[in-house]
Amino acid sequence: MSLGAKVRAGARISLLNTVVIRIGNFAAGVVLARTLLGPREWGLYATGMVALGVLLSANEMGVSLAIVRWDRDMGEFAPTVLTLSVLSSTVLYGMLFVAAPATARALGSPDATTMLRVLCFSVVIDGLACVPNQVIAREFRQGARMVLDLLNFLVTTGTTLALAYSGTGALSFAWGALAGNLCALAGCAVVVPGVLRPGWKATEARALISFGLPLAGASLLVLAMLNVDSVVTGALLGPVALGFYQLAFNVSSWPVRSISEAARRISFAGFSRVADSREALADAFGRGLAVLMVAAVPPCVLLAVLAEPVVATIYGERWAPAAGALRWLALLGLLRIAYELAYDCLAAAGRRSSLIAVQGWWLAALVPALLLGAHRWGIGGVGAGHLVVAALLVAPAFWWAMRRAGVGGAVVLRACARPFGGGLLMAAVSLPVYHWCGETRWGMFAAGTAALAAYVPVVLPMRRQLRGGGSKAPVPHEERVLAAEGER
């Protein structure tokens, strides 16, 4: 099977996997939010997720990406990858365990100490699972990925709901996540047998750390950038406001998780295969970005325009304050999808210094904007600050970095022009329809339908581009790569 066929097949399965899992997570979240757990419990869980996200960004020092990126026999270095990953993950968890009380106080939720200690043990499990997970990504085995994710989801959701109904409160999330991750780790051992073997080669360890640390640093900056809003909200506005904000962020992330996560499971591996050709890399990025933007613009625009009725309809009136942040965060989600694809492209192209520069600039610009927004306008100001920085300050930085990697501005404009134009038309159509229908729930559905009807004709001429027609596929390079790996 050719590389292109592998990528397309993997993309289809990955998208199906992501959509199914996200629908299930969404349904479970609605049940919990409408019945058992309020803003404070969600705020405590958000506190734990902030800490866990930071740990996961650095727990294996970026060395596991060598499984995907290096065109070598994995048996030579995979045992060293596992050893490095488990050691660093265990050390990080030990530091978190000791610092949990101070961390919880700093995040504005002093009673989240137990939550932190339980939930963050997942970082050790992730350290063990990193090698089989990256083998699945390297080989585009998205069918296996779907089985493991479904297992994780069923165990996590079942445990969380059972504990929540028994009165465990916010800790239901933590124990559920821990149970799901343990089952997924056991599944990894079955799906990818023989790779959970630690080993050590000093020369390989030095090479892996040299390769991985810059990527881990960039990843840590990404996680800091995506979580500093929760830190600011919790510290300045308290756990209840953080609960509202977290719900808004989760809703705004529906398109990101459904679309971007499906793409990212294959994008780094795909870009890595064509990274030696600037022309091929630009072509692959342009087509990937076009697909993502066509799919992402409708949900992001509708969530921004119809934030209030969406929150009230799905979660109930008590969650209405979350809409103030959602309208901004939904548009941020659109940028996040584009930036995450650019991140994978730059990482595959070896532009690690550019990645660190862009992410460092983003974080440095974001902190004062969020502090000002939270102080003046509450959670709505936090969301607005996030969007302003991403759109006005970060976009030029990514543009610069991508040009250095050989992806010119024309590639980006060609991929985004029609979807963005269609998004503006959607906003212009949906608002008057919603108001004309009396701002009811049926009006929300009518507005969404009318907006989609206006959007489709705008992007329909892109169908040949989305199928990859007319693009210059890097066949000779792909064949060399596949031959080197023993593919037939």
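**Q** With reference to specific residues and values, describe the overall build of the chain.
**A** Across its full length, the chain holds 19 helices and 0 strands. Look at the contacts in the chain between residues 6 or more apart in sequence, and 85% of them connect residues 24 or more apart. Summed over all atoms, the accessible surface of the chain reaches about 19800 Å², with 68% contributed by carbon and sulfur.

**Q** Summarise the packing of aromatic side chains; cite the residues concerned and give the values.
**A** Counting across every chain of the model gives 9 aromatic pairs. Ring geometry for phenylalanine 271 versus phenylalanine 285: centroids 6.4 Å apart, planes at 40°, classification tilted. Pair noted here: phenylalanine 271 is in helix α11 (residues 254–274) and phenylalanine 285 is in helix α12 (residues 278–305), with a separation of 14 residues, a long-range link. Relative accessible area serves as the criterion here: at 5%, phenylalanine 271 is assigned to the buried category. Taken together through their ring pairs, the aromatic side chains of Tyr93, Phe97 and Phe121 make up a single cluster. Lying over the aromatic face of phenylalanine 97, arginine 117 brings its terminal NZ or CZ to 4.3 Å of the ring centre.

**Q** I'd love a proper account of the packing of helix α16 (residues 409–436) against helix α17 (residues 441–459), names of residues and values included.
**A** At their nearest, the axes of α16 and α17 sit 8 Å apart, and the two run at 150° to each other. Relative to α17, α16 is oriented roughly antiparallel. Our pair here, α16 against α17, has a crossing hand that is right-handed. Every residue of α17 that contacts α16 at Arg418, Pro419, Gly422, Gly423, Leu425, Met426, Val429, Ser430, Val433 and Tyr434 is listed here: Gly443, Met444, Ala446, Ala447, Ala450, Ala451, Leu452, Ala454, Tyr455, Val458 and Val459. Each residue belonging to the contact of α16 with α17 can be placed in one class, and the counts come to 16 nonpolar, 4 polar and 1 charged.

**Q** So what's going on with unusual backbone geometry? Residues and values would help.
**A** A positive phi angle, near 55°, is found at glutamate 439, a position not held by glycine. Looking at the element boundaries, glutamate 439 is found in the loop between α16 and α17. Residue glutamate 439 is classed as partly exposed on the basis of its relative accessible area of 47%.

**Q** Can you break down a nonpolar patch on the surface residue by residue, with the values?
**A** On the surface, Trp361, Val388, Leu392 and Leu393 cluster together into a nonpolar patch covering about 390 Å² of accessible area. Within the element layout of this structure, valine 388 appears in helix α15 (residues 352–404). Overall, valine 388 belongs to the partly exposed group, its relative accessible area being 45%.

**Q** Which residues make up the confidence of the model for the chain, and what values do they have?
**A** Of the residues in the chain, 88% have a pLDDT of 70 or more, and the chain-wide mean is 84. Looking at the elements of the chain, mean pLDDT is at its lowest for helix α19 (residues 475–484), recorded as 33, and at its highest for α16, recorded as 95. With pLDDT under 50 throughout, residues 469–488 is counted as low confidence; its partners more than four residues away or in other chains account for 24 contacts.

**Q** Could you give me a rundown of the environment of aspartate 276, with the residues and numbers involved?
**A** Structurally, aspartate 276 can be placed in the loop between α11 and α12. The exposure class of aspartate 276 is exposed, given its relative accessible area of 66%. A sequence separation of 72 residues divides aspartate 276 from alanine 348, and the C-alpha atoms of the two residues are 9.5 Å apart.

**Q** Can you break down the packing of helix α13 (residues 307–315) against helix α14 (residues 323–348) residue by residue, with the values?
**A** The relative placement of two packed helices comes down to the angle between their axes together with the axis-to-axis distance. For the pair α13 and α14, interaxial distance at closest approach is 8 Å and the crossing angle is 120°. Our classification of the angle between α13 and α14 gives oblique. The element α13 and its partner α14 pack so that their crossing is right-handed. Here Ala307, Glu308 and Val311 of α13 come into contact with α14, specifically with Ala323, Leu326 and Arg327. Among the residues making up the contact of α13 with α14, the classes are represented as 4 nonpolar, no polar and 2 charged.

About the cut-offs
- Residues numbered from 1 in each chain as written.
- Predicted model: local features only at pLDDT ≥ 70, side-chain atom pairs only at ≥ 80, totals over all residues.
- Heavy atoms only, no water.
- Helix = DSSP H or I, 4+ residues; strand = E, 2+ residues; numbered from the N terminus.
- Contact = heavy atoms within 4.5 Å.
- Areas by Shrake-Rupley, 256 points an atom, 1.4 Å probe, with all protein chains shown as cover.
- Phe/Tyr/Trp six-rings, centres within 6.5 Å; stacked < 30°, edge-to-face > 60°.
- Buried < 20%, exposed > 50% of the residue type's maximum accessible area, 1.4 Å probe, protein only.
- Lys NZ or Arg CZ within 6 Å of the ring centre and 35° of its normal.
- Axes fitted to C-alpha atoms, helices over the stretch in contact; angles between N-to-C directions.
- Parallel < 35°, antiparallel > 145°, perpendicular 65-115°, else oblique.
- Left-handed = near helix turned anticlockwise from the far one by under 90°.
- Nonpolar A, V, L, I, M, F, W, Y, C, P; charged D, E, K, R; others polar.
- Patch = residues over 30% accessible without salt bridge, like charges linked within 9 Å, V, L, I, M, F, W, Y side chains within 5 Å.
- Salt bridge = Lys/Arg side-chain N within 4 Å of Asp/Glu carboxyl O.
- pLDDT = per-residue confidence, 0-100.

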